[in-house]
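Overview (structure and organization)
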Amino acid sequence: MKVPVSWMKEYVPIDRPAEEIAQRLVISSCEVDGIERVGVADVDGNLGLFRVGRVLEAAKHPNADRLQLCQVDIGESDPRQIVCGAWNFGAGATVGVALPGAVLPNGLQLERRKVRGEVSDGMILAEDEVALGTDHTGIMVLENGIEPGTPLADVLPLTETVLELGPEHNRPDLLAVYGIAREVAALFDLELAPPPGTDPPRDADEPVDVTIEDFEACPRYIGRLFRGVVIGPSPVWLKARLLAAGMRPISNVVDITNYVMLALGNPLHAFDYAKLAGGKIVVRRARAGEELRTLDAVLRKLEPYDLMIADAERSVALAGIMGGEETEIGEATIDALLEAANFEPYTIFRTSERLRLRTEGSNRWEKGVDPYLAEQAAMLATQLLVEVAAASWTGHVDVHAGLPEPPAIRFGPERADAVLGIETAPDEQHAILRRLGFAVDGETVSAPSWRARDVTREIDVVEEVARFRLADVPARLPRRQAMFGTLSRPQRIRRRIEDVLVGFGYSEAYTWSLLPKETPTGAVELQEPLSSEQAVLRTSLIEGLLGSARRNVDAGNDEIALFEQAHVYLPTGEQLPDERWRVGGIAQGGFLFAKGAVEGLYAGLGIAPSFSRADDLPVSGRGARTAEGWVVSLRDPDLPGEWGAFELDVDALVDRVPDLIVYEDVITFPPVRQDLAFIVPEDVTAGELTAAAEEAAGAELRELRAFDVYRGDQVGPGRKSIAFAATFQSPERTLTDEDAAQLRQRIVSALAERFGAQLRA
């Protein structure tokens with residue numbers, strides 16, 4: 001929501017800087033995404049170079065058929081000669097003029113210069129040249145009677161400060177300039193002007209035929225008929241406000257409906273009355289097989305739950321979302337029917353979501369618009385249609401089945417003190433609530449109609465008081481009175497995994513659970529994806545970690561080591577996937593670095609890994625599997641150097657973690673260390689040899705660690721030599737050389753028998 005500050009100030013007399021207003025709104029009301037300055041820069045006297053001028057003479061340029069040579073009075077002793085390329089004005093016109101030295105919004109600085117041999121001492125302005133519109137077909141012609149030399153900023157909003165706000169979903173009242181003004185008035189304790197819009201006299205009393213078939217979906221419908229509408233461009237001030245608020249001007253009638261929506265928060269729609277069959281409006285659900293071509297020229301198939309605005313023959317608009325192409329306002333429109341209605345939020349949301357059609361109007365209806373607001377919106381639109389479009393108001397109807405009463409809530413000021421932790425005098429609490437539009441009668445509080453949907457309980461009223469006192473709440477944690485519950489066993493183990501990896505120098509990453517459709521094969525596809533880049537649920541963590549690693553490399557970081565512990569979603573063939581906890585990591589340093597982290601992780605959990613070689617891993621590269629996952633030497637063209645990655649099933653690890661860790665006494669007897677090298681076939685792994693050796697030697701083989709692999713002429717083709725560092729140790733006695741030799745021989749025999757291993761050294 002973009003809120004031009006000058007527009008807001010029409011409703012609340014605030015003279016505080018925009019930054020201060022934004023700070024108060026952030027603390028108590030809504031997010032402020034930014035403060036934007038648009039239009040002509042108000043620096044170094046630049047605004048003073050933009051003035052109102054009166055054209056004294058306008059004739060064809062002597063050396064150019066398409067240019068005018070003008071004499072313009074700008075309040076100085078002598079008129080200025082200006083060359084202009086527009087022909088939509090003549091002598092006597094009141095115009096906007098920029099003098100030499102002026103800087104336009106696009107950064108261009110004007111100079112006194114010659115154009116086809118004639119001096120041009122300034123510029124007669126078109127609306128797009130001062131960011132007040134998009135039209136460049138002619139210059140802005142102002143109302144007569146303005147004194148030449150008057151600063152143009154006194155007549156037009158040449159410069160504007162815009163607050164970019166992000167109201168929460170439960171505050172639709174803040175999706176309006178007047179709603180923000182009402183909030184600011186309450187925050188700064190200022191007087192709020194009445195809501196804009198007063199009904200002009202009605203020129204006739206024609207009947208307006210409106211029928212509501214579903215009052216639950218459409219609680220209220222105001223229809224107003226206008227004759228003799230003159231379709232044309234909106235005045236500059238109206239275009240400027242729409243542009244500053246982020247909307248594109250179209251034509252005066254359409255612009256008025258958008259202006260009222262932005263001002264008050266109640267979306268409106270206007271129909272070409274001559275195109276409504278029978279001059280009738282019916283609010284009903286869609287019929288079976290019905291279709292509607294909307295204003296965006298898309299033919300849409302309707303469902304029975306869609307709420308439609310129809311005439312006597314067919315649907316003419318998707319209620320609250322978008323009008324139909326056949327009844328839109330156009331240049332030939334003479335009579336118009338104005339719709340100021342109220343629609344139930346879920347009805348609009350359901351249709352909008354199915355059609356993937358989101359509009360400024362549907363965004364407001366989905367959040368819930370005050371049904372009492374429709375009348376005020378109709379009044380403001382009527383006033384503007386009469387003033388701006390020369391319309392004659394001739395008919396009115398207001399159809400509803402009774403409007404909801406505001407909820408009465410029991411409220412005690414002491415409850416706010418207990419929740420907030422600081423005391424606020426009861427009179428001050430009541431004053432805050434009254435500034436917000438609440439009615440206070442003893443211990444009963446009635447919410448205003450624009451807050452009736454989200455303030456229904458005592459704690460909601462407490463929140464209204466609390467948000468005005470947040471700045472006074474001390475920055476300390478509340479004292480803990482009691483503690484309930486403990487972490488579950490899987491939660492404790494998942495935290496231990498995080499601690500181990502952080503201890504190894506890994507940083508935790510958070511990546512998307514949604515991936516492009518082509519990334520994982522067989523992944524669960526979303527029925528309604530947000531985009532093609534977020535279409536399926538991930539089956540592995542590695543894609544997200546790869547993306548994070550690439551971004552870190554692009555940013556120039558080094559010694560990258562990232563891990564993530566999160567859910568993956570495995571297809572089950574049914575509607576819901578199997579959600580599994582996984583832990584994955586990626587790091588510079590290659591396979592051994594990643595394998596070391598995996599081994600350390602297993603050790604930290606008190607379980608032993610068993611590695612086996614694997615070439616069918618989810619990523620390119622050679623690696624190994626364990627019973628719970630895999631580790632790989634990663635190959636990626638976007639990751640220079642050596643990288644390693646791993647992924648383990650946390651749920652499977654949890655099942656293996658022992659409930660009780662039994663202490664094993666430290667062995668005080670000295671170890672015997674020897675090196676062993678075995679020549680084995682190429683396909684035999686070090687892990688297989690280690691497992692067989694431990695089985696053969698028993699508990700007195702305390703460690704067998706591979707430290708070297710040799711391939712070459714000395715061992716022959718298809719074979720390799722693996723060197724191990726063996727440690728023999730007994731908890732009961734000192735091992736002799738004979739004991740070590742026997743253990744060594746048992747290992748040699750077992751490996752020779754199972755793998756054909758030959759002792760090399």
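Below or above, wherever it landed, is the structure these notes cover. Keep in mind that what you see is a predicted model, and the values were worked out from it rather than measured.

**Thoughts on the overall build of the protein**
From N to C terminus, the protein includes 17 helices and 38 strands. Radius of gyration (C-alpha) of the protein: 38 Å, far over the 27 Å computed for a compact globule of 761 residues. Long-range contacts, defined here as pairs at least 24 residues apart, represent 68% of the contacts in the protein between residues at least 6 apart. Looking at charge distribution, the protein has the averaged site of its 78 positive side-chain charges lying 3 Å from that of its 120 negative ones.

**Some words on helix α12 (residues 489–503)**
Between its first and last C-alpha atoms α12 spans 21 Å; for 15 residues at 1.5 Å apiece the expected length is 21 Å, and the two agree. Within α12, burial applies to I493, R494, I497, V500 and L501. Projected down its long axis, α12 carries its buried residues within an arc of 120°, all on one side. Residues of α12 that are exposed and angled more than 90 degrees away from the buried face: D499 and G503. The secondary structure elements touched by the buried residues of α12 are β29 (561–570), β30 (578–588), α14 (591–605), β34 (643–649) and α15 (650–656). The first or second residue beyond α12 is G505, which carries a positive phi of 95°.

**Section: helix α2 (residues 18–28)**
When we look at burial in α2, the residues that qualify are A18, I21, A22, L25 and S28. Taken around the axis of α2, the buried residues stretch over an arc of 150°, which confines them to a single face. Lining the buried residues of α2 we find α1 (5–8), β2 (31–39), β11 (159–166) and α3 (177–187).

**Thoughts on empty space enclosed by the protein**
Scanning the model with the defined rule gives one cavity of 30 Å³ or more in all. The volume enclosed by the largest cavity comes to roughly 50 Å³. Along the walls of the largest cavity sit R171, D173, G179, R182, E183, A186, R435, L436, W450 and R451, which together make up its complete lining. When grouped by side-chain class, the residues that make up the lining of the largest cavity number three nonpolar, one polar and six charged.

**Observations concerning the nonpolar core**
If you look at the biggest cluster of nonpolar residues, it comprises 106 residues, and the most contacted ones within it are M8, Y221 and I309. With residues up to four places along the chain from it excluded, the contact list for Y221 reads V210, I212, F271, I281, V283, I309, E339, A340, A341, V397, D398 and V399. Of all hydrophobic cores here, the second largest spans 25 residues; its members include V500, L501, A561 and L648.

**Considerations on the sheet that holds β34**
The seven strands lie next to each other as β26-β29-β30-β34-β33-β32-β31, forming an open sheet whose pairing is mixed. Each having just a single partner strand, β26 (507–508) and β31 (612–614) make up the two edges of the open sheet. Where strand β33 (residues 629–634) meets β34, six bridges bridge the pair, whose relative direction is antiparallel. Bridging from a neighbouring strand, S633 pairs with G644 of β34. Contacting β30, β32 (623–626), β33 and β34, α14 crosses the sheet at an angle of about 30° to β34.

**What about the packing of aromatic side chains?**
The tally for this structure, following the rule as stated, stands at eight aromatic pairs. Relative to Y178, the ring of Y11 has its centre 5.3 Å away and its plane inclined at 70°; by these criteria the two rings are edge-to-face. Linking Y11 in the loop between α1 and α2 with Y178 in helix α3, this pair joins segments that are 167 residues apart in sequence. Through a chain of ring-to-ring contacts, three or more aromatic side chains come together here, namely W7, W237 and Y259. For R24, the ring lying beneath its charged end belongs to F188, and the centroid distance is 4.7 Å. Lying over the aromatic face of W393, R202 brings its terminal NZ or CZ to 4.9 Å of the ring centre.

**Brief notes about the packing of α12 against α14**
Interaxial distance between α12 and α14 falls to 10 Å at its minimum, and their mutual angle equals 135°. The angle between the axes of α12 and α14 places the two elements in the oblique class. Crossing handedness for the pair α12 and α14: right-handed. Contacts from I493, R496, I497, V500 and L501 in α12 reach A597, G600, L601, G604 and L605 in α14. Here the residues of the contact of α12 with α14 are counted per class, giving seven nonpolar, two polar and one charged.

**Considerations on the pairing of β11**
Pairing geometry for strand β1 (residues 2–4) and β11, over three bridges, is antiparallel. Across the sheet, residue P4 finds its bridge partner in β11, namely V162.

**Some details on the pattern of salt bridges**
Overall, the coordinates contain 49 salt bridges when judged by the stated rule. Connected through shared salt-bridge partners, R171, D173, E183, R451, D454, E464 and R467 make up one network.

**Side note on the sheet that holds strand β13 (residues 220–227)**
Each strand in a sheet pairs with another by means of backbone hydrogen bonds, the pair being arranged parallel or else antiparallel. Within the open sheet, the four strands sit side by side as β14-β21-β13-β22. Their pairing is antiparallel. Because the sheet does not close on itself, it has two edges, and the strands there are β14 (269–272) and β22 (392–400). Averaged over all adjacent pairs, the angle separating strand axes in this sheet is 20°, with direction ignored. In the sheet, β13 pairs with β22 via eight bridges, with the strands oriented antiparallel. Opposite L225, over in β22, you have G395 as the bridge partner. Relative to the sheet, helix α8 (residues 373–388) contacts β13, β21 (336–342) and β22, its axis offset from that of β13 by approximately 10°.

Definitions and cut-offs
Residues numbered from 1 in each chain as written. Predicted model: local features only at pLDDT ≥ 70, side-chain atom pairs only at ≥ 80, totals over all residues. Heavy atoms only, no water. Helix = DSSP H or I, 4+ residues; strand = E, 2+ residues; numbered from the N terminus. Rg over C-alpha atoms; globule rule 2.2 N^0.38 Å. Contact = heavy atoms within 4.5 Å. Lys, Arg positive; Asp, Glu negative; His and termini not counted. Charge placed at Lys NZ, Arg CZ, Asp CG, Glu CD. Expected span 1.5 Å × (residues − 1). Buried < 20%, exposed > 50% of the residue type's maximum accessible area, 1.4 Å probe, protein only. Arc of directions from axis to C-beta. 1 Å grid on protein atoms, 1.4 Å probe; cavity = no way out; pocket = protein on both sides within 12 Å on 5 of 7 lines; lining within 4 Å. Points joined across faces, edges and corners; volume = space filled by probe spheres on them. Nonpolar A, V, L, I, M, F, W, Y, C, P; charged D, E, K, R; others polar. Core = buried A, V, L, I, M, F, W, Y, C linked by side-chain atoms within 4.5 Å. Pairing = 2+ DSSP bridges. Axes fitted to C-alpha atoms, helices over the stretch in contact; angles between N-to-C directions. Phe/Tyr/Trp six-rings, centres within 6.5 Å; stacked < 30°, edge-to-face > 60°. Lys NZ or Arg CZ within 6 Å of the ring centre and 35° of its normal. Parallel < 35°, antiparallel > 145°, perpendicular 65-115°, else oblique. Left-handed = near helix turned anticlockwise from the far one by under 90°. Salt bridge = Lys/Arg side-chain N within 4 Å of Asp/Glu carboxyl O.

Limitation: the analysis is restricted to geometry and does not speak to function.
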